[in-house]
Amino acid sequence: EGKVTVDGENLPAGDLGLSLKYRNHSVTDIIRQGLPVSLTLGGMAFLFALGFGVPLGFYTAVRRGQAGDWIGSVIALLFICIPGFVIGPVLILIFALKAGWFPVGLWGTPQHGVLPMIALGLYFGGRVARITREGMSQALQSEFVRTARAKGVGEMGVLVRHAFPIAVMPVVSYSGPMLADLLTGSFIVENIFQIPGIGVFMVNSSLGRDYTMVVGLVLLYAVMLLVLNLLVDLTYSLLDPRVRYE
């Protein structure tokens with residue numbers, strides 16, 4: 001009848017067993033087909049979150065206490081409070097059905113990835129904006145920034161060369177868990193836009209009691225989380241000279 005459980009002896013070789021729902025396919029084959037799509041979507045959303053959140057957090061910190069700070073903070077908080085399963089249908093209604101600028105769903109061309117990328121990345125962009133704002137605000141109040149200003153360094157030089165490298169460190173620390181969350185949190189977005197990633201299989205396997213598929217995907221995400229956090233720690237040591245690993 002075939003193997004329907006995860007064999008611990010073959011697990012190091014990448015053998016996760018046969019799917020209980022997709023009888024003619026192994027869990028490894030299904031992951032191999034869907035993982036590149038999920039990685040692509042997660043990577044796009046990751047870059048979008050950084051590209052949106054870091055400049056917004058930088059701007060609000062520089063404009064602290066002014067109208068730009070309040071507006072930017074409200075925008076970031078709004079995106080944090082609105083989940084992807086709400087933003088996704090709204091984006092489809094406005095930009096796909098009404099305007100016709102992007103496809104409604106599926107996966108094939110770069111245009112297919114724009115709306116899912118925004119729906120998945122806005123929440124994390126808001127989080128990155130708040131983290132950047134807090135880090136930048138603390139950096140601007142530090143003594144080395146006051147020293148740089150006292151030496152006559154221009155304001156832009158103080159912001160970019162002195163304050164920003166320290167302010168971005170919390171964002172670097174958050175990048176590993178964020179990327180893992182983007183990959184694991186893409187289930188709903190992939191289902192809304194009917195994207196053939198592993199998120200669809202995760203949802204269907206959970207509902208269909210495909211235990212081998214669920215176990216295989218959980219193991220995959222656990223390994224990815226460990227690897228990403230390790231990479232973040234190594235990157236942190238390269239960016240911050242005060243951190244050294246023996």
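Note: the structure precedes this text.
Residues numbered from 1 in each chain as written. Predicted model: local features only at pLDDT ≥ 70, side-chain atom pairs only at ≥ 80, totals over all residues. Heavy atoms only, no water.

A.B. asks: Quick question: what am I supposed to make of the packing of aromatic side chains here?
C.D. replies: Between two aromatic rings, the relevant description is the distance of the centres plus the angle of the planes. Under the counting rule described, the total for this entry stands at 5 aromatic pairs. Centroid distance Phe-58 to Phe-164: 5.9 Å. Interplanar angle 70°. Geometry classified as edge-to-face. With Phe-58 in helix α1 (residues 27–62) and Phe-164 in helix α6 (residues 155–167), this pair connects stretches of sequence that are 106 residues apart. The partly exposed category is assigned to Phe-58, whose relative accessible area is 22%. Each residue in the set Phe-48, Phe-52 and Phe-79 is aromatic and connected to the rest through ring pairs, giving one cluster. (Phe/Tyr/Trp six-rings, centres within 6.5 Å; stacked < 30°, edge-to-face > 60°. Helix = DSSP H or I, 4+ residues; strand = E, 2+ residues; numbered from the N terminus. Buried < 20%, exposed > 50% of the residue type's maximum accessible area, 1.4 Å probe, protein only.)

A.B. asks: Just checking my understanding: could you explain the packing of α1 against helix α2 (residues 67–81) for this structure?
C.D. replies: When two helices pack together, you describe them by how their axes are tilted relative to each other and by the distance separating the axes. Contact geometry for α1 and α2: axes closest at 8 Å, N-to-C directions at 145°. Here the hand of the crossing between α1 and α2 comes out left-handed. Counting all contacts with α1, which are made through Phe-52, Leu-56, Tyr-59 and Thr-60, the residues of α2 involved are Gly-68, Asp-69, Gly-72, Ser-73, Ile-75, Ala-76 and Phe-79. Residues that form the contact of α1 with α2 fall into these classes: 6 nonpolar, 4 polar and 1 charged. (Axes fitted to C-alpha atoms, helices over the stretch in contact; angles between N-to-C directions. Left-handed = near helix turned anticlockwise from the far one by under 90°. Contact = heavy atoms within 4.5 Å. Nonpolar A, V, L, I, M, F, W, Y, C, P; charged D, E, K, R; others polar.)

A.B. asks: Is there a simple way to think about the nonpolar core in this case?
C.D. replies: One broad rule of soluble globular proteins: the nonpolar side chains tend to lie buried together. Counting 28 residues, the largest nonpolar core has Leu-120, Phe-124, Val-128, Met-178, Leu-182 and Phe-193 as its most contacted members. The set of elements that each furnish at least two residues to this core consists of α1, α3 (84–98), α4 (114–140) and α7 (169–184). Aside from chain neighbours lying at most four places away, what touches Leu-182 is Gly-42, Ala-45, Phe-46, Leu-120 and Phe-124. Ile-31, Ile-198, Leu-220 and Tyr-221 belong to the second-largest nonpolar core, a separate cluster that totals 14 residues. (Core = buried A, V, L, I, M, F, W, Y, C linked by side-chain atoms within 4.5 Å.)

A.B. asks: Even after reading the chapter, I still don't get unusual backbone geometry, so can you show me in this structure?
C.D. replies: In terms of backbone geometry, most residues other than glycine have negative phi values and most peptide bonds are trans. We note that Leu-106 has phi near 70°; this positive angle belongs to a residue other than glycine. Residue position: Leu-106 is located in the loop between α3 and α4. Positive phi outside glycine occurs at Gln-194, with the angle close to 55°. Assignment of secondary structure puts Gln-194 in the loop between α8 (186–192) and α9 (198–207). Using a relative accessible area of 51% as the deciding quantity, one classes Gln-194 as exposed.

So, to be careful, I would describe these as geometric facts and stop short of saying anything about function.
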